[in-house]
Amino acid sequence: MDHNRLERAVAMWVDYGIAASIGFAGLLGLVQLTGELNALSLSAYQLTMAGFLLDELAAQSSWEGVSLTSAAQLCGLLEWGTQVLHCGMAEAWLAVLPQGSLSTAVDGSVSLTWQQMDGSAIGVTRSDASE
């Protein structure tokens, strides 16, 4: 009789161990999924802010009748630029992007780059609105 009781107790502990292991693995998976969703949300937010910033520069370019590069310079968003125009939220949007910086190319396009959570750089480019 005691032998059957001991077998049932061992079987119960084995079942408990298996269930606890499955539950722990599920929690680890949930934590990883939460981290990935958070990273995706942050990336989407940063891309949205980058788009807003480049759209703001394109609008200023169109309103002022200047090139996109000149608009970025007049908004004071380039290292060598002095803020002449009020460019709405462009400066605040640039501040949201970690190590965000604007650069220009010979073809008149403006590139916006920033650092992602994993340390890699990401960038978007917008060509001159007049083209």
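Calculation notes
Residues numbered from 1 in each chain as written. Predicted model: local features only at pLDDT ≥ 70, side-chain atom pairs only at ≥ 80, totals over all residues. Heavy atoms only, no water. Pairing = 2+ DSSP bridges. Helix = DSSP H or I, 4+ residues; strand = E, 2+ residues; numbered from the N terminus. Axes fitted to C-alpha atoms, helices over the stretch in contact; angles between N-to-C directions. Patch = residues over 30% accessible without salt bridge, like charges linked within 9 Å, V, L, I, M, F, W, Y side chains within 5 Å. Areas by Shrake-Rupley, 256 points an atom, 1.4 Å probe, with all protein chains shown as cover. Salt bridge = Lys/Arg side-chain N within 4 Å of Asp/Glu carboxyl O. Buried < 20%, exposed > 50% of the residue type's maximum accessible area, 1.4 Å probe, protein only. Phe/Tyr/Trp six-rings, centres within 6.5 Å; stacked < 30°, edge-to-face > 60°. Contact = heavy atoms within 4.5 Å. Polar contact = N/O pair within 3.5 Å; in protein donor to acceptor, adjacent residues only side chain to side chain.

Here we take up the sheet that holds strand E3 (residues 121-126). As summarised here, the arrangement of the three strands in space is E1-E2-E3, forming an open sheet in which the pairing is antiparallel. Each edge of the sheet is formed by a strand with only one pairing partner; in this case those strands are strand E1 (101-104) and E3. Averaged over all pairs of adjacent strands, the angle between their axes in this sheet comes to 25°, without regard to strand direction. Taken together, the four bridges between E1 and strand E2 (residues 110-115) define a ladder with antiparallel strand orientation. Looking at the pairing, Ser 103 lines up with Ser 111 of E2.

Let us now look at a nonpolar patch on the surface. Together, Leu 6, Val 10, Val 14, Ile 18 and Ile 22 make up a nonpolar patch on the protein surface, roughly 470 Å² of accessible area in all. Following the sequence through the fold, Val 14 ends up in helix H1 (residues 2-64). Judged by its relative accessible area of 45%, Val 14 is partly exposed.

In this structure the tally under the stated criterion is two aromatic pairs. Judged by centre distance (5.7 Å) and plane angle (85°), the ring pair of Trp 13 and Tyr 16 falls under edge-to-face. Of this pair, Trp 13 and Tyr 16 both sit in helix H1, separated by three residues, roughly a single helical turn. For the residue pair Trp 13 and Tyr 16, the accessibility class agrees, reading exposed in each case. For the ring pair Phe 52 and Trp 93, a centre distance of 5.3 Å and an interplane angle of 45° mean the geometry is tilted.

Let us look at the environment of Ser 109. Its location among the elements puts Ser 109 in the loop between E1 and E2. Its relative accessible area of 6% is what places Ser 109 among the buried residues. In the structure, Ser 109 is positioned 83 residues away from Gly 26 in sequence and 48 Å away in space, judged by C-alpha atoms. If sequence neighbours within four positions are ignored, Ser 109 has contacts with Thr 69, Ser 103, Thr 104, Thr 125, Arg 126 and Ser 127. Here Asp 107 takes part through its side chain, which lies 2.7 Å from a polar atom of the side chain of Ser 109.

Function cannot be inferred from these measures alone, as they are strictly geometric.
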